[in-house]
Amino acid sequence: MVAVKMNAVVDEQHNLIIQLPDDMPTGQVEVIVRSLEQEPPPAPTQSLTREAARAKLLAAGRLSTGWHEPEGFVPLTEAELWEIGQRDHDTRTSLDYIREVTGGTGVGNGDDCKYDL
């Protein structure tokens, strides 16, 4: 595969004429035209509200609306959420599991461990 990179000019009629080097083989080629002048992206006029974002997603067919809570669903209270997030005192910690898997070092073979586990 021979690749040639060159700059060219597109005229007012949107024509592009290039002369390829003599060592370019004949046959099919892929042509990619990329403008060298970069236009800055348009600045957002304002930040989207949640409702405006949902409306845009819905209009684009990208907003999921098919889910629903099961019949009889009762959300957990703050106390219940707190309770299920607590570890029983007679269970092992995550650090215990890490030490077991890594041979007590916490990471790898221990040579790269920065912390005393």
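Residues numbered from 1 in each chain as written. Predicted model: local features only at pLDDT ≥ 70, side-chain atom pairs only at ≥ 80, totals over all residues. Heavy atoms only, no water.

## Quick notes on the overall build of the protein
Looking only at helices and strands, the protein has three helices and zero strands in total. Reading the helices (α) and strands (β) of the protein from amino to carboxyl end gives α-α-α. A total of 117 residues make up the protein; the buried ones form 3% of that total. Taking as baseline every contact in the protein between residues at least 6 positions apart, the subset at least 24 positions apart corresponds to 3%. (Helix = DSSP H or I, 4+ residues; strand = E, 2+ residues; numbered from the N terminus. Buried < 20%, exposed > 50% of the residue type's maximum accessible area, 1.4 Å probe, protein only. Contact = heavy atoms within 4.5 Å.)

## Digging into the pattern of salt bridges
Going through the model one piece at a time under the given rule, you end up with one salt bridge. Among the salt bridges present, the one from Arg92 reaches Glu100, with a minimum N-O distance of 2.3 Å. (Salt bridge = Lys/Arg side-chain N within 4 Å of Asp/Glu carboxyl O.)

## Remarks on unusual backbone geometry
We note that His14 has phi near 65°; this positive angle belongs to a residue other than glycine. For His14, the position within the fold is in the segment before α1 (50-59). Of the residues examined, His14 reaches a relative accessible area of 69% and is grouped as exposed.

## A few points about the packing of aromatic side chains
Applying the stated rule across the entire model yields zero aromatic pairs. Positioned above the aromatic ring of Tyr97, the side-chain terminus of Arg92 is 4.1 Å from the ring centre. (Phe/Tyr/Trp six-rings, centres within 6.5 Å; stacked < 30°, edge-to-face > 60°. Lys NZ or Arg CZ within 6 Å of the ring centre and 35° of its normal.)

## Things to note about a nonpolar patch on the surface
On the surface, Val2, Val4, Met6, Val10, Leu16, Ile18, Leu20, Val29, Val31 and Val33 cluster together into a nonpolar patch covering about 830 Å² of accessible area. With respect to the helices, strands and loops of the structure, Leu20 is situated in the segment before α1. (Patch = residues over 30% accessible without salt bridge, like charges linked within 9 Å, V, L, I, M, F, W, Y side chains within 5 Å. Areas by Shrake-Rupley, 256 points an atom, 1.4 Å probe, with all protein chains shown as cover.)

## Here's the deal with α1
Of all ten residues making up α1, only zero are buried, and the element is barely covered by its neighbours. Gly61 occupies a position one or two residues after α1 and carries a positive phi of about 75°.

## Some points on the confidence of the model for the protein
In this model, the protein carries an average pLDDT of 81, and 89% of its residues clear a pLDDT of 70 or more. Across the protein, the element-wise mean pLDDT spans from 82 in helix α3 (residues 94-102) up to 92 in α1. (pLDDT = per-residue confidence, 0-100.)

## Focus: the environment of Leu57
Tracing the backbone through its elements, the reader meets Leu57 in helix α1. Non-local contacts of Leu57, meaning those with residues more than four positions away in its chain, are made with Arg62 and Leu63.

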